[in-house]
Amino acid sequence: MENNFLLTYLLLTPLVGGFLLLLIPSQKKQFIKNAGLGISLIAFVISLIIYFNFDQSKPDFQFVQKFVWIENFNISYFVGVDGLSLILVLLTTFLTPLTLLSSWSSIQHKVKEFTFFMLLLQVGMLGVFVSLDLFMFYIFWEAMLIPMYFIIGIWGGGRRIYASVKFFIYTMLGSLLMLVAIIWLAVFASNELGYFTTNLLELYKIGPNVPHEIQKWMFLAFALSFAIKVPIFPLHTWLPDAHVEAPTAGSVILAGVLLKMGTYGLIRFCLPLFPQASIDIAPMMSILAIIGIIYGALVAMVQKDMKKLVAYSSVSHLGFVVLGIFSFTHEAMQGAVIQMVNHGLSTGALFLLVGVVYERTHTREISDYGGIAKVVPIFSVAFLFAILSSVGLPGLNGFIGEFLILLGAFKSPVLNSWWYSIFAASGVIFAAVYLLWMYQRVVFGELNTNPKLDHLTDMNARELIVIIPIFFFIVWIGVYPSTFLNISDATVSNLINQVLNTPLSVVK
Amino acid sequence: MTELIYLTVLLPLIGFLINGLFGSKIKNEKIIGTIGSGAIGLSFIVVLLILIETLGKPADQRVTIVTLFQWMKVGNLDISIAYQVDQLSILMALIVTGIGFLIHVYSIGYMHGDKGFWRFFAYLNLFIFAMMNLILADNFVLLFLGWEGVGLCSYLLIGFWYDRKFEKSTTASAAKKAFVINRIGDFGFLLGIFLIYMTFGSLNFTEVFTAANHIPVDESVVSFIALFLFIGAIGKSAQIPLFVWLPDAMAGPTPVSALIHAATMVTAGVYMVARCSIFYAMAPTIMMVVAIIGLLTAMFAATIGLVQNDIKKVLAYSTVSQLGYMFLALGVGAFTSGIFHVMTHAFFKALLFLGAGSVIHGMHHEQNIQKYGGLKKYMPVTFITFLIACIAIAGIPPFSGFFSKDEILWYSYAKGNFLFWLIGALTALITAFYMFRLLSLTFFGKERFDKHHVHPHESPKVMTVPLIILAFFSIVAGFIGIPEVFSGEGGNQIKNWLAPVFADAHSKKITYGMPSHFVEILLMVISVAGAAAAIWLARHVYLTKPGLADQIANRMKKGYSVLLNKYYVDEIYNKLIVQPIYKVSDGFLFKFTDVKIIDGTINRTASLIDLFSNNIKRIQTGVAQFYAIIMMIGIVIALFWIIVSLI
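All values reported here derive from a predicted model rather than from experimental measurement. (Residues numbered from 1 in each chain as written. Chains lettered and ligands numbered in written order. Predicted model: local features only at pLDDT ≥ 70, side-chain atom pairs only at ≥ 80, totals over all residues. Heavy atoms only, no water.)

1. Topic: the pairing of strand β1 (residues 62-70) of chain A
Residue and element names in this part refer to chain A.
(1) Moving on: Pairing analysis gives six bridges linking β1 to strand β2 (residues 75-81), with the strands arranged antiparallel. Looking across to β2, one finds that K66 is bridged to F78.
(2) Moving on: Hairpin connection of β1 to β2: four residues between the antiparallel strands, including N74 at a positive phi of 55°. (Pairing = 2+ DSSP bridges. Helix = DSSP H or I, 4+ residues; strand = E, 2+ residues; numbered from the N terminus.)

What follows is the structure in structure tokens.
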């Protein structure tokens, strides 16, 4: 295995950069902002270098680097990317600079700390996506909670403490079971292999040997913490609170990347480690996913707060991803992967845009708005565009993901029923209802005379610079998705074969 | 030449981008209008040249696939942005670009002075772009892209005057309603696509239809495919039970009603079913469903049209009704007649709407026909062309509507169902009646408008010339489909042209015995005589004996108000579907399940832990002696435990 430093550089850039920022005096706000942006841009460039040198025809992990860390337990610093993680790494490095730029004027106090936490958060997220050692993965998974906790808790809205504690406890709860499962698995490995290890690649080989009954429990122990993160119904109630209270940048990262760690975890760990259990539990997970799709959409429909509405729409959209994962078809799984990116872009854009008007009016209540198309025409176009992307209009990104997922789920031999797709597809109708209805009440009609709207001005150049790159990719994925589908194609196809071809060697 | 078909898609897209991005800066209406119309005019020329080239080819070589690039490739799924140029798509493309061009030109006059002028042309171009994708696609996914794309444009254009009121609600609300109801149809369409992919392993037209034709497939599977696709068609083409969005779509500017909600987009469902004719031919039960839904819609909408007073509303219900005819044609296997009626209807209904627009324009945006009257002398061109359109839709020979409608009625009978013919023919009479009611109340009789404030005037040339061109085609377009009973074997041109498209479907279907020529001519005479009688009656009721209509309405109050209120369908849907969904979502799902049950449980657990730790934290007194005692107790217990386990 070659030793490649690129991923390590990628992790070190925001980490070292973030700590260096702490040395700068707090008063130099503008310099800190610029430096933070610069650091995140360097990370983006490094991830692009990785992308261009990545061999898409191979399903294996590339850019692998490994150092022994705790020798006695065979725990190492072990990183690498395959198609699945690469695409999420790119999403992370792409969104981070945009969120920093979007907070340019909305974050005024403790700028240094904010930038520091954002960069630290990036380290955590990237670490989760590139770790190939379960122990290391777990550390990043937990570590990432801390900056997010502070971002909501310090820069959040009125009920920020309640929301951040809820977020923290919810996620902690899930992770504890995962830790138990990781240790159990490593111990099981020491029986099979003769030595204790948390090396994911070695565990991939022995995971399927876990006795069938135990496999289910292992699967569930892992899946619980991922399900909370996704979130899968009924573990979603932390999300609306966290979103509503978080500052815009926090919401964008939360929706854009953090939720994807849940679905990423399911694909990366649950499926290949416990293939038999995954297939057994697939119908149950799919049903929960579909409940999430419909439930999330219906509850989103009745929300009065724009951010809360978008938050519940995430529950609905992520349901599609989970359904795609547990359909075990090439189409649906690829759809799930691309849909993770899509959701990051379109929901990220929605949060950014809600942030734009919130910064000016300090209200997110839908009823406080109305008829603003006349006052803010550019915003109105951008908002509609993000909504169309989110409702899955063909030609934009959302359609590609939803279509592939539903198509794959429909013909899935594992699910083996049309009903999953039929129910899930109804989410497509509801998405149009809640998003267009919100749009109508906010943007159309006669101008609301609410004094809060007096200071409403159209998007400025900086805000356009933030949103245009996202729109660019929304169109690109919609019109020419191959660029992105190709990244994960080999990985996904390999994974599906791996799961479906697991021999039923285990005693039932 | 055929390879250049992509220009017909690209040019409208370029027009959209120019006007959409720079329109607000250009400001000059002439430039914006020229760019918008020019893009469509050029596309029309391209299609025309392709038609000429294709006519020169032998009938079995008239299908060309033009592939641009690969769109999605995952597993077995391989979808390209590729266009299928064949007899059916060329015909549709001619209608869309030809009538589209005329309506663009007309709009330069109609939208003059509107501050959203550039936006309007941008949207119209985007619509043509989407519509061309819809009709030219060589696979289901690209068709679906166009399908949803036209839905989006419809949404944008219905809500074009987004700050205006519309009836009891707003234009924005009407726009959303259109989009959402179309999505219900799209939901069915999507399921159809999934089932096609699962059954045939492809979504490419040629591959799927060839497979369907040659590989034995379970009839129930094909029936489901046909049914799912038809649900999509019901949404887009406003059939029972999803027709409710189309009358509300009249909230948009009138050229939009003409282009999107009469001539082109709403016929997309008919086109799609015709394109998939093979599935329907293999699923006779679903064919029957299509025919019955079409027939019921035709009748149902026509009765509503009888009493409406908004000029655009009458035309809207008339459109729903005429679309019903087209589905009746498809349902009885007369695919060619269905498409033929799409074409003739496109001419005369676009003409009717544009004529209505001209009247509205001249009457200072008044749309109530009870406040018109005697407009003939003020707007002669509008009057003459409107009259032509009315004759055409009423089915009087030799105007275009006669040929297409009569052919549909004839096949309904020949299919062996007298009832189909009877209801269809009755609907034709009703149609003739309400159209001439509209004509009489608008152009004849007493002038019922306030002459001090309203000064009716003829519209400018840029609007009347398109009317004249459309009127010309409303008269002559029928001649390409003269029934063989008159033109002899092989004399029906459009039938010959489309024959290869429907050949497979026709070979699958049970052929029906053809009743004699005598019967055909007899039925024709009956329906024409009936239409003529209905026209006379309309003039009698509304012109010769004014006041008679009110008397009748008074005598049948209940029936009249049911019709006037459109059978209360909107109200019923609202009570039975919309309100319950909202209430359940808000009261049960959100406020109860989400807040009380799920979040409540979690918060209660949290406060339990809180309670526990609040008590347990008292142990942390900070008094060293207390800690020492606890430690001692601990050691004693540990020792005790060790001793016990040792013994």
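2. A look at the interface of chain B and chain A
(1) Moving on: Every contact between the two is made by 49 residues of chain B and, on the other side, 57 residues of chain A.
(2) Moving on: For the pair chain B and chain A, the summed buried area comes to about 5000 Å², and 74% of that belongs to carbon and sulfur atoms.
(3) Moving on: Scanning the region where chain B abuts chain A turns up three salt bridges.
(4) Moving on: Where the side of chain B that touches chain A is concerned, the elements lending two or more residues are β1 (64-74), α5 (140-158), α6 (171-200), α8 (219-236) and α25 (569-616) of chain B. (Contact = heavy atoms within 4.5 Å. Buried area = accessible area lost by both parts, 1.4 Å probe. Salt bridge = Lys/Arg side-chain N within 4 Å of Asp/Glu carboxyl O.)

3. Overview of the confidence of the model for chain A
(1) Moving on: When pLDDT is averaged across chain A, the result is 90; 98% of the residues are at 70 or more.
(2) Moving on: When pLDDT is averaged over each element of chain A, helix α18 (residues 461-479) of chain A comes out on top at 95 and helix α7 (residues 160-193) of chain A at the bottom at 86. (pLDDT = per-residue confidence, 0-100.)

4. Quick look at the side chain of S316 of chain A
(1) Moving on: Examined against the element boundaries, S316 of chain A turns out to sit in helix α13 (residues 306-325).
(2) Moving on: When near neighbours in sequence (up to four residues on either side) are disregarded, S316 of chain A contacts G292, I293, G296, A297 and Y434 of chain A.

5. Examining empty space enclosed by the protein
All names here are of chain A.
(1) Moving on: As enumerated under the stated definition, the model contains seven cavities of 30 Å³ or more in all.
(2) Moving on: If you trace the largest cavity, you find 13 residues lining it, with S102, L352, G355, V356 and E463 closest to the centre.
(3) Moving on: For the lining of the largest cavity, the secondary-structure elements that each account for two or more residues are α14 (330-361) and α18.
(4) Moving on: The residue makeup of the lining of the largest cavity, split by class, is six nonpolar, four polar and three charged. (1 Å grid on protein atoms, 1.4 Å probe; cavity = no way out; pocket = protein on both sides within 12 Å on 5 of 7 lines; lining within 4 Å. Points joined across faces, edges and corners; volume = space filled by probe spheres on them. Nonpolar A, V, L, I, M, F, W, Y, C, P; charged D, E, K, R; others polar.)

6. Describing the environment of V45 of chain A
Residues and elements named next belong to chain A.
(1) Moving on: In this structure, V45 sits in helix α2 (residues 29-52).
(2) Moving on: The exposure class of V45 is partly exposed, given its relative accessible area of 44%.
(3) Moving on: Sequence separation between V45 and T93 is 48 residues, and the spatial gap between their C-alpha atoms is 8.5 Å. (Buried < 20%, exposed > 50% of the residue type's maximum accessible area, 1.4 Å probe, protein only.)

7. What about the packing of α2 of chain A against helix α3 (residues 83-102) of chain A?
Residues and elements named next belong to chain A.
(1) Moving on: Direction vectors running N to C along α2 and α3 enclose 160°, while the axes themselves pass 9 Å from each other. Accordingly, the angle class assigned to the pair α2 and α3 is roughly antiparallel. As for the relative orientation of α2 and α3, their crossing is left-handed in sense. Note on element contacts: α3 touches α2 through L86, V89, L90, T93, F94, T96, P97, L100 and L101, opposite G36, L37, S40, L41, A43, F44, S47, L48, I50 and Y51.
(2) Moving on: Looking at the contact of α2 with α3 residue by residue, the classes come out as 14 nonpolar, five polar and no charged. (Axes fitted to C-alpha atoms, helices over the stretch in contact; angles between N-to-C directions. Parallel < 35°, antiparallel > 145°, perpendicular 65-115°, else oblique. Left-handed = near helix turned anticlockwise from the far one by under 90°.)

8. Here's the deal with the pairing of β2 of chain A
The side chains of a regular strand alternate, residue by residue, between the two faces of the sheet.
(1) Moving on: For β2 of chain A, a buried count of seven out of seven residues is recorded, marking the element as mostly surrounded by other parts of the structure.
(2) Moving on: Judged by which residues are buried, β2 of chain A turns out to be covered on both faces: I75, Y77, V79 and V81 of chain A on one side and S76, F78 and G80 of chain A on the other are all buried.

9. Notes on the nonpolar core
(1) Moving on: Grouped together as the largest cluster of nonpolar side chains are 418 residues, with contacts concentrated most on F222, F383 and F403 of chain A together with F140, F279 and Y280 of chain B.
(2) Moving on: Excluding residues within four positions of it along the chain, Y280 of chain B makes contact with A226, L229, F230, V273, I286, M287 and V290 of chain B.
(3) Moving on: Ranked by size, the runner-up nonpolar core spans 18 residues in total, among them A291, V332, F420 and L523 of chain B. (Core = buried A, V, L, I, M, F, W, Y, C linked by side-chain atoms within 4.5 Å.)

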